[in-house]
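Per-entry structural report
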Amino acid sequence: MILPIWNSVYQQRQNEELQALIDKIEKNTQEDISSVVIFDLDGTLFDNRPRTLHILTEIASRYEEKVPQLANVIDRHRDLSLFEYSVANTLANLNVDDPEEVEFIKEKWQHRFFSDEYQKYDIPIPGACKYVNKIHKAGATVIYLTGRDAPRMLVGAIESLRLFGFPIGILGTMMIVKEVFEEQDEVFKRNVTQYLKRLGKVEGIFENEPANSNLLQEEFPESQSFFVLTQHREDAPPLNDGISVLKDFRITRK
Ligand SMILES: [Mg+2]
């Protein structure tokens, strides 16, 4: 999909659209209408690239003899722009291309990336924590809807949200994760939508995967769907019309 080059016009629109959602929720709350706002985690509220940087650094240090190419470059490459959605692409960007080494790294990376222990190395997208708190304070139920799975990742997901000051575990918040890892993200999110419709009026949806943005916009046509410009799958479909594009969650003042 074609991404816009960010400029002051986009920033102004971002400011207005983010603020408009807060205003809408405040109005609903005053009228005793229950608002729901859905936030995806990976690539939406959090930048996962530092998690991968940490993991690759650890693999390089622990298995130095098995991963000589990685061990040779990792200390010199702290530039996160080299880190992509796919770890295979990231390794290619780092010039790690020995097939056996790449396979070994991918296996060790996967084991760590999809676990409780390493989520705390994610960093929130700028303004995300402040904005989610504002949405919560305005009276919406904040739903963290993530493809992370309960058996391996629930505890770490909650830990990282709490660590950075997101509202979690308290009144007006809910965490929904996958029951099993194998469930496809889109299928999982579609199944959840029926439940969310009963919970209240879904006013806002935040996603970084075009497929999920489109799907949730179709499920909740009355809500405002936001797409966060971070990383997403390479084979992503084009974004539907009417979806707001965000660089981050900052509302800038002139
Ligand atoms: Mg995501």
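Definitions and limits used
- Residues numbered from 1 in each chain as written.
- Predicted model: local features only at pLDDT ≥ 70, side-chain atom pairs only at ≥ 80, totals over all residues.
- Core = buried A, V, L, I, M, F, W, Y, C linked by C-beta atoms within 7 Å.
- Buried ≥ 20, exposed ≤ 12 C-beta atoms within 10 Å, placed from the backbone.
- Contact = placed C-beta atoms within 7 Å.
- Helix = DSSP H or I, 4+ residues; strand = E, 2+ residues; numbered from the N terminus.
- Domains from an automatic or database assignment.
- Nonpolar A, V, L, I, M, F, W, Y, C, P; charged D, E, K, R; others polar.
- Pairing = 2+ DSSP bridges.
- Right-handed = clockwise from strand over helix to strand, strands pointing away.

On to the nonpolar core, then. It is characteristic of soluble globular proteins that their nonpolar side chains tend to be buried jointly. Val37, Ile38, Phe39, Val132, Ile135, Val142 and Ile143 are the most contacted members of the largest nonpolar core, which totals 40 residues. Those residues in contact with Val132 that sit more than four places away from it in its chain are Phe39, Leu45, Val142, Phe166 and Pro167. Core analysis: the second largest hydrophobic core is formed by 14 residues, Ile55, Leu91, Leu94 and Trp109 among them.

As a further point, take the environment of Gln119. In this structure, Gln119 sits in the loop between α5 (99-113) and β3 (123-124). Aside from chain neighbours lying at most four places away, what touches Gln119 is Arg51, Met153, Gly156, Ala157, Glu159 and Ser160.

For the rest of this paragraph, the subject is the domain arrangement of the protein. Along its sequence, the protein is carved into domain 1 (8-47 + 124-246) and domain 2 (49-120). Taken over C-alpha atoms, the centre of domain 1 sits 29 Å from the centre of domain 2. Taken together, the contact pairs 14 residues of domain 1 with 10 residues of domain 2. Residue contributions to the side of domain 1 that touches domain 2 peak at eight residues, all from helix α7 (residues 150-163). Partitioning the side of domain 1 that touches domain 2 into residue classes produces five nonpolar, four polar and five charged.

Below, the discussion takes up the environment of His77. Within the secondary structure, His77 is located in the loop between α3 (68-73) and α4 (87-93). Each C-alpha atom, one on His77 and one on Asn93, is 9.8 Å from the other, the two residues being 16 residues apart in sequence. Every residue in contact with His77, bar those within four places of it in the chain, is listed here: Leu82 and Leu94.

Once that is clear, we can look at unusual backbone geometry. Phi angles above zero are rare outside glycine, and Asp32 is one such case at about 65°. Look at Asp32 and you get exposed, because 7 C-beta atoms sit within 10 Å. Positioned with a positive phi, Asn95 is a non-glycine residue whose angle comes to about 60°. Mapped onto the fold, Asn95 is located in the loop between α4 and α5. The exposure class of Asn95 is exposed, given the 12 C-beta atoms found within 10 Å.

Burial runs high along strand β4 (residues 141-149): seven of the nine residues are buried. Pairing of strand β1 (residues 35-39) with β4, which is carried by four bridges, proceeds in the parallel orientation. The residue of β4 that forms the bridge with Phe39 is Tyr144. Where β4 meets strand β5 (residues 173-178), five bridges bridge the pair, whose relative direction is parallel. Residue pairing across strands places Tyr144 opposite Met175, the latter belonging to β5. This β-α-β element, β4 to α7 to β5, shows right-handed connectivity.

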